[in-house]
Amino acid sequence: RWIYSLHMFLFFFLSGYLFHRKPKFTQQFITSTRVCLIPFLFWNLSAILISLIIQEYTIKDALIYLFWLGEKISWNSPVWFLFELWWVRLTAQVIFPVFPRIFTMLTCAVLGYFDILGFLPFGLSILPTALIFFLLGNETALKEDIFLTASPKFHSYFVIVVALLLNVFLAS
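Conventions and cut-offs
- Residues numbered from 1 in each chain as written.
- Predicted model: local features only at pLDDT ≥ 70, side-chain atom pairs only at ≥ 80, totals over all residues.
- Heavy atoms only, no water.
- Helix = DSSP H or I, 4+ residues; strand = E, 2+ residues; numbered from the N terminus.
- Buried < 20%, exposed > 50% of the residue type's maximum accessible area, 1.4 Å probe, protein only.
- Polar contact = N/O pair within 3.5 Å; in protein donor to acceptor, adjacent residues only side chain to side chain.
- Phe/Tyr/Trp six-rings, centres within 6.5 Å; stacked < 30°, edge-to-face > 60°.
- Patch = residues over 30% accessible without salt bridge, like charges linked within 9 Å, V, L, I, M, F, W, Y side chains within 5 Å.
- Areas by Shrake-Rupley, 256 points an atom, 1.4 Å probe, with all protein chains shown as cover.
- Salt bridge = Lys/Arg side-chain N within 4 Å of Asp/Glu carboxyl O.
- Axes fitted to C-alpha atoms, helices over the stretch in contact; angles between N-to-C directions.
- Parallel < 35°, antiparallel > 145°, perpendicular 65-115°, else oblique.
- Contact = heavy atoms within 4.5 Å.
- Nonpolar A, V, L, I, M, F, W, Y, C, P; charged D, E, K, R; others polar.
- Expected span 1.5 Å × (residues − 1).
- Core = buried A, V, L, I, M, F, W, Y, C linked by side-chain atoms within 4.5 Å.
- Left-handed = near helix turned anticlockwise from the far one by under 90°.

Participant: Could you give an account of the environment of Thr140, with specific residues and numbers?
Facilitator: Mapping Thr140 onto the fold places it in helix α6 (residues 127-142). A relative accessible area of 11% means that Thr140 is categorised as buried. Between the alpha carbons of Thr140 and Gly16 there is a distance of 8.7 Å; along the sequence they are 124 residues apart. Among the polar contacts made by the side chain of Thr140, one reaches the main-chain carbonyl oxygen of Leu136 at a distance of 2.7 Å.

Set out below in structure tokens:
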């Protein structure tokens, strides 16, 4: 049961761990679109087509669900994370060279915890929370040699910080 409450945090952490920034934004955009956005659109458009054929939803409803224009998750909810991962990868490509990661994580924590952004279309409301765990995963990958050779005291602090972050986002 507890793994279910952590699976999306873990997904974004592992995605960040495996993320490699491309030299150019256009390369990252093309790669992210190919591996995240196209499958998301394919599966959602397929579900929309089937729902329109059986007259379960109107075209207006379908567009609202597809692009998260209402306060509901995407049309085909099992693949919502692909659209969010697309946003996270593109955001990371832009902010990594500009802002210190700790500043980015703290900013995202404040935005996510206090729900400052409110509801935003296109899944952008979820971006701060997803970005924190993506950045944690990426930072762990970059510092892997330091992390593996670090003292037990460092590991204790790392676990405490991650536990506090999880508590903040699971409680909100």
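There's more to say after this.
Participant: Residues and numbers for the packing of aromatic side chains, please.
Facilitator: Summed over the entire model, instances satisfying the criterion amount to 13 aromatic pairs. Ring geometry for Phe9 against Phe133: centres 4.6 Å apart, planes inclined by 50°, an arrangement best described as tilted. Residue Phe9 is found in helix α1 (residues 2-18), and its partner Phe133 is found in helix α6; the two are separated by 124 residues along the sequence. The same class applies to Phe9 as to Phe133, namely buried.

Participant: Any chance you could break down a nonpolar patch on the surface for me, citing the residues and the numbers?
Facilitator: Together, Val98, Phe99, Ile102, Phe103 and Leu106 line one region of the surface with nonpolar side chains, adding up to about 520 Å² of accessible area. Within the fold, Phe103 resides in helix α5 (residues 101-113). On the basis of relative accessibility, which here comes to 45%, the residue Phe103 falls in the partly exposed class.

Participant: Any details on the packing of helix α2 (residues 25-53) against helix α4 (residues 80-95)? Residues and values, ideally.
Facilitator: Two elements in contact, α2 and α4, have axes whose closest approach is 8 Å; the angle formed by their N-to-C orientations is 170°. By the angle between their axes, α2 is roughly antiparallel relative to α4. When α2 is examined against α4, the residues Phe25, Gln28, Phe29, Thr31, Ser32, Thr33, Val35, Cys36, Leu37, Pro39 and Phe40 are found in contact with a partner set consisting of Trp80, Leu82, Phe83, Leu85, Trp86, Arg89, Leu90, Gln93 and Val94. Grouping the amino acids of the contact of α2 with α4 by side-chain chemistry returns 14 nonpolar, five polar and one charged.

Participant: Help me get a handle on the environment of Tyr17, residues and values and all.
Facilitator: With respect to the helices and strands, the residue Tyr17 is situated in helix α1. In this structure the C-alpha to C-alpha distance between Tyr17 and Leu142, which are 125 residues apart in sequence, comes to 8.2 Å.

Participant: So what's going on with α6? Which residues, and what values?
Facilitator: Relative to the 22 Å expected for 16 residues at 1.5 Å per residue, α6 spans 22 Å between its end C-alpha atoms, a close match to the ideal helical length. Within α6, 13 of the 16 residues are buried, leaving the element largely enclosed by the surrounding structure.

Participant: How would you summarise the nonpolar core if you had to cite specific residues and measurements?
Facilitator: One finds Phe12, Phe40, Val88, Phe96, Phe134 and Leu136 to be the most contacted residues of the largest nonpolar core, which totals 35 residues. When residues of this core are traced back to their parent elements, those giving at least two are α1, α2, α3 (59-66), α4, α5 and α6. Of all the elements, α4 adds the most residues to this core, at nine residues. Sequence-distant contacts of Phe134, defined by excluding residues within four places in its chain, comprise Phe12, Phe13, Ser15, Gly16, Phe19, Leu85, Val88, Arg89, Ala92 and Phe96.

Participant: Tell me about the packing of α4 against α6, residues and numbers included.
Facilitator: Where α4 meets α6, the closest approach of the two axes is 10 Å, and the angle between their N-to-C directions is 65°. For the pair α4 and α6, the crossing hand works out as right-handed. Residues Glu84, Leu85, Trp87, Val88, Arg89, Thr91, Ala92 and Ile95 of α4 form the contact with α6, whose own contacting residues are Leu127, Ala130, Leu131 and Phe134. For the contact of α4 with α6, the per-class residue count stands at nine nonpolar, one polar and two charged.

By themselves these figures say nothing about function.
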